[in-house]
Amino acid sequence: MPSHRLRGALFLAPLVLYIAVFFGYPLATNVGMSFREYTAASFYTGEAPFTGLDNYARLLGDPLFAKTLGNTVLFTVGSLAFQFGIGLALAVFFQRRFPLNGVLRSLLLVPWLLPLVVSGTVWRWIYDQEYGVLNQALLGLSGAVERLTGWAPLGGEGIAWLSSTDMALTSVVIANVWVGIPFNMVILYGGLQNIPRHLYEAAELDGAGPWQRFRHITWPLLRPVTAVVLMLGLVYTLKVFDVIMVLTNGGPANASHTLTTWSYQISFTELDFGTGAAAGNVLILIALVFALVYLRSGRTADEGGAR
């Protein structure tokens, strides 16, 4: 028995070492840094005085904290809602057999496969106020409406998607939704394939319509996959950085900053590494809370099923 335990420990040792070096050490360093006055000078002098909770107090007392936290909530909820909703609709749609089904599904994976910097750059071109394809299409539609009714919805000017404080956050949400739809579609499509077809056939024979089949068969049996998709999507969306930085850099006037981009700005623009580390820890804490809620709900569901 001891030899079996030793072999098991040896198999686990590389994994434990990997987690300790690449996850545990950076996390512990970040937590320690958040309790110190760590600036650019600290890298040269090695001096970083212990300040306790001062960095957290400074962070929470910053007027930008409430705004950034609100942006984070709006960005996360908006992204998850549309990514999941559109992804589920596409997954249900591709359950049908029709010509080029596989080809179209493969093409829809392109946003997911592209590097996020590339996706952000593409959307920056799309959003360009003067030459972007989105504004050109909307101006063409506005012109058609004006010819028919005499009213021009856009007044002959394109929308300032990235330079308007009212539109910047909406713009990055749209781009992030586009990036995340394929992930949701693929996972949900896989979950749909595991639902026995005879249940749909029996329900159809009983006179159930498409909505009734979805409500009473598809949705209940897809819940375990849905929980996984939403949890992974939540963690991913909370840490989105590339798309926002490429599109707006958190601007204009901090209108599209989330906790991720704001912590980067504090650390690497203002060079206040202690407060930046505190902002990162707040983000980690939020993600941890949701992860614990997810694990708790999953355990409760398993216990209910066991009964």
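Since the structure is predicted, the reported quantities are computational estimates derived from the model, not experimental observations. Within any chain, residue numbers begin from 1 and follow the written order of that chain's sequence. Only residues with pLDDT of 70 or above have their local features reported here, since the model is predicted, and side-chain atom pairs are shown and tallied only from 80 upward, although totals for entire chains, interfaces and linings are computed over all residues. To obtain the side-chain values, all non-hydrogen atoms of the structure were included, while hydrogens and water were left out.

Student: Even after reading the chapter, I still don't get the overall build of the protein, so can you show me in this structure?
Tutor: Counting its regular elements, the protein contains 14 helices and zero strands. In this text, helices come from DSSP runs of H or I with a minimum length of four residues, and strands from runs of E with a minimum of two, each type numbered from the N-terminal end. If you list the helices and strands of the protein from N to C, you get α-α-α-α-α-α-α-α-α-α-α-α-α-α. Put simply, the radius of gyration uses C-alpha atoms, and a globule should come to 2.2 Å times the residue count raised to 0.38. In terms of overall size, the protein is more extended than a compact globule, its C-alpha atoms giving a radius of gyration of 24 Å where 307 residues would be expected to give roughly 19 Å. On the principal axes, the C-alpha backbone points of the protein span a range of 75 × 70 × 30 Å. Total accessible area on the protein stands at roughly 18,400 Å², and carbon and sulfur atoms take up 68% of it. A distance of 16 Å separates the average location of the 18 positive side-chain charges in the protein from that of its 17 negative side-chain charges. Using a 1.4 Å probe, the Shrake-Rupley method yields the accessible areas, and only the shown protein chains count as cover for residues. We score Asp and Glu as negative and Lys and Arg as positive, and we do not count His or the chain ends. Lys charges are placed at NZ, Arg charges at CZ, Asp charges at CG and Glu charges at CD.

Student: Could you clarify how one ought to interpret the packing of aromatic side chains in this entry?
Tutor: Two measures describe an aromatic ring pair: the distance that separates the ring centres and the angle between the ring planes. Two rings from Phe, Tyr or Trp (for Trp, the six-membered ring) form a pair when their centres are within 6.5 Å of each other. A pair whose planes differ by under 30 degrees is stacked, one over 60 is edge-to-face, and the rest are tilted. Summed over all chains, the structure comprises 15 aromatic pairs. A centroid spacing of 5.8 Å and a plane angle of 70 degrees characterise the contact between Trp123 and Trp178, whose relative ring orientation is edge-to-face. Within this pair, whereas Trp123 is found in helix 7 (residues 116–127), its partner Trp178 is found in helix 9 (residues 168–193), the two being separated by 55 residues in sequence. Between Phe214 and Trp219 the ring centres are 6.4 Å apart and the planes differ by 35 degrees, which places this aromatic pair in the tilted class. One aromatic cluster is present, formed by Phe84, Trp211, Phe214 and Trp219 through successive ring pairs.

Student: I would appreciate a short explanation of the environment of Met33 in the present structure.
Tutor: Positionally, Met33 belongs in helix 1 (residues 2–33). Using a 1.4 Å probe on the protein chains alone, a residue whose accessible area is under 20% of its type maximum counts as buried, one over 50% counts as exposed, and one in between counts as partly exposed. With a relative accessible area of 18%, Met33 lands in the buried category. We call two residues in contact when some of their heavy atoms are within 4.5 Å. Here Met33 is in contact with Tyr38, Asn55, Phe273, Gly274 and Ala277, once residues within four sequence places are set aside.

Student: What's the story with the UniProt feature "transmembrane region" (unreviewed entry) in the protein in this structure? I'm lost.
Tutor: UniProt positions are given in the numbering used here, feature names are shortened, and annotations may be inferred rather than shown by experiment. Per the UniProt entry, the sites bearing "transmembrane region" (unreviewed entry) are residues 9–28, 73–94, 106–126, 167–189, 221–238 and 273–295 in this numbering. End-to-end, the C-alpha atoms of residues 9–28 are 24 Å apart, and along that stretch the chain is 100% helix and 0% strand. Counting secondary structure, residues 73–94 comes out at 95% helix and 0% strand; the distance between its end C-alpha atoms is 31 Å.

Student: Explain the packing of helix 10 (residues 197–205) against helix 11 (residues 210–238) to me, please; I cannot follow it from the model alone.
Tutor: The angle between the axes and the distance between the axes are what describe a pair of packed helices. Comment: axis = line fitted to C-alpha atoms, over the contacting stretch for helices; angle = value between 0 and 180 degrees taken between N-to-C directions. Here helix 10 crosses helix 11 at 160 degrees, and the two axes come no closer than 10 Å. Put simply, helix 10 runs roughly antiparallel to helix 11. Here helix 10 and helix 11 pass one another in a crossing that is right-handed. Of the residues in helix 11, those touching helix 10 at Leu199, Tyr200, Ala203 and Glu204 are Arg213, Ile217, Thr218 and Leu221. Any angle that falls under 35 degrees is termed roughly parallel, while one over 145 is termed roughly antiparallel, one within 65 to 115 roughly perpendicular, and all others oblique. A crossing counts as left-handed when the near helix is turned anticlockwise from the far one by less than a right angle, and as right-handed when that turn is clockwise.

Student: What am I meant to see in unusual backbone geometry here?
Tutor: Across residues other than glycine, the phi torsion is negative in most instances, and most of the peptide bonds are trans. Of the consecutive residues Gly251 and Pro252, the connecting peptide bond is found in the cis state with omega at -10 degrees. Tracing the sequence through the fold places Pro252 in the loop between helix 12 (242–247) and helix 13 (259–268). Of note in the backbone geometry, Ala253 takes a positive phi value of approximately 55 degrees without being a glycine. Structurally, Ala253 is set in the loop between helix 12 and helix 13. For Leu271, which is not a glycine, the phi torsion comes out positive at approximately 60 degrees. With respect to the element layout, Leu271 can be found in the loop between helix 13 and helix 14 (273–306). What makes Leu271 partly exposed here is its relative accessible area of 39%.

Student: Hey, could you run me through helix 8 (residues 133–149) in this one?
Tutor: Residues three or four positions apart in an α-helix share a direction because the helix packs 3.6 residues into each turn. By this rule, a helix spans an expected 1.5 Å times one less than how many residues it contains. If you check helix 8, its first and last C-alpha atoms are 24 Å apart, about what 17 residues at 1.5 Å a residue would give, namely 24 Å. Buried residues of helix 8: Asn135, Ser142 and Gly143, and no others. Buried residues along helix 8 cover an arc of 105 degrees about the axis, so they all sit on one side. Of the residues in helix 8, the exposed ones pointing more than 90 degrees away from the buried face are Val133, Leu141, Arg147 and Leu148. Packed against the buried residues of helix 8 are helix 7. Directly beyond the C-terminal end of helix 8, a positive phi value near 80 degrees is found at Gly150. To be clear, the arc concerns the directions from the helix axis to the C-beta atoms.

Student: Hey, could you run me through a nonpolar patch on the surface in this one?
Tutor: A patch consists of residues whose relative accessible area exceeds 30% and which take part in no salt bridge; residues with like charges are grouped when within 9 Å of each other, and nonpolar side chains (Val, Leu, Ile, Met, Phe, Trp, Tyr) when within 5 Å. Salt bridge, as applied in this entry: a Lys or Arg side-chain nitrogen positioned within 4 Å of an Asp or Glu carboxyl oxygen. On the surface, a nonpolar cluster with roughly 920 Å² of combined accessible area is contributed by Leu12, Leu15, Val16, Leu17, Tyr18, Ile19, Val21, Phe22 and Phe23. Looking at where Leu17 falls in the secondary structure, it is placed in helix 1. Take Leu17: its relative accessible area is 55%, and that puts it in the exposed class.

Student: Whenever I open this one, the environment of Gly61 confuses me. Can you help?
Tutor: Along the polypeptide, Gly61 turns up in helix 3 (residues 54–61). Through-space distance from the C-alpha of Gly61 to that of Gly150 is 51 Å; in sequence the pair is 89 residues apart.

Student: Honestly, helix 3 in this entry has me stumped. Any pointers?
Tutor: Within helix 3 the residues assigned to the buried category are Asn55, Tyr56 and Leu59. When helix 3 is viewed along its axis, its buried side chains cluster within an angular range of 95 degrees and face the same direction.

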